[in-house]
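Structural overview for review
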Amino acid sequence: KQWYQRRVRAKCIEEALQFAQTELAPHGEDHPEVLEELERTMSLFAFADPEASPFGELMKPSQKHKVAGELNSAILESQNQQTTTNLHSLFKILIWSQDTLSQNKVSFPKMEDISSGIISNS
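Presented here is a report on the structure given in the accompanying data block. Nothing here was measured: the structure is a model prediction, and the numbers come from that model.

Some details on the packing of helix α1 (residues 2-9) against helix α2 (residues 13-30)
Their axes nearest at 9 Å, the elements α1 and α2 cross at an angle of 160°. In terms of their interaxial angle, α1 and α2 are classed as roughly antiparallel. Viewed along their axes, α1 and α2 form a crossing whose handedness is left-handed. Mapping the contact onto sequence places Trp3, Tyr4 and Arg7 in α1 and Glu15, Ala16, Phe19, Ala20 and Leu24 in α2.

In structure tokens:
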């Protein structure tokens, strides 16, 4: 999908269409849940400026990160490995714990800024 979007950005229409027909379309047939996303991606050629189109979010760098994350998760899942890191799980537990303690009006040292490790007494 990222390769396809790079072709769209470079206005390599014939190359991208060939790729879509040979590589992407069979996945849409085998997996109907990706068909809508495939159609949105294909529609980018209908616009002179794909970034300004109704589907312009597909051209943003954040989309690249999203696709990379989904791909990494799918690879890990296929190898029966964790799809989230231990650190990510710990952050989720930390946030949940702090929210629960705050809701119950419990005083505890709260991590105010995870990136800098700033802790305050609440």
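Side note on α1
Buried within α1 we find Gln2, Tyr4, Gln5, Arg7 and Val8. Buried residues along α1 sit in contact with α2, α3 (35-42) and α4 (61-78). Phi turns positive one or two residues past the end of α1, at Lys11, with a value near 60°.

Topic: the pattern of salt bridges
Evaluation of the coordinates by the stated rule reveals one salt bridge. Two residues, Glu57 and Arg40, come together in a salt bridge whose shortest N-O distance is 2.3 Å. Linking Glu57 in the loop between α3 and α4 with Arg40 in helix α3, this pair joins segments that are 17 residues apart in sequence. With relative accessibility at 31%, the residue Glu57 sits in the partly exposed group.

Cut-offs used in this document
Residues numbered from 1 in each chain as written. Predicted model: local features only at pLDDT ≥ 70, side-chain atom pairs only at ≥ 80, totals over all residues. Heavy atoms only, no water. Axes fitted to C-alpha atoms, helices over the stretch in contact; angles between N-to-C directions. Helix = DSSP H or I, 4+ residues; strand = E, 2+ residues; numbered from the N terminus. Parallel < 35°, antiparallel > 145°, perpendicular 65-115°, else oblique. Left-handed = near helix turned anticlockwise from the far one by under 90°. Contact = heavy atoms within 4.5 Å. Buried < 20%, exposed > 50% of the residue type's maximum accessible area, 1.4 Å probe, protein only. Salt bridge = Lys/Arg side-chain N within 4 Å of Asp/Glu carboxyl O.

On their own, these measurements won't tell you what the molecule is for.
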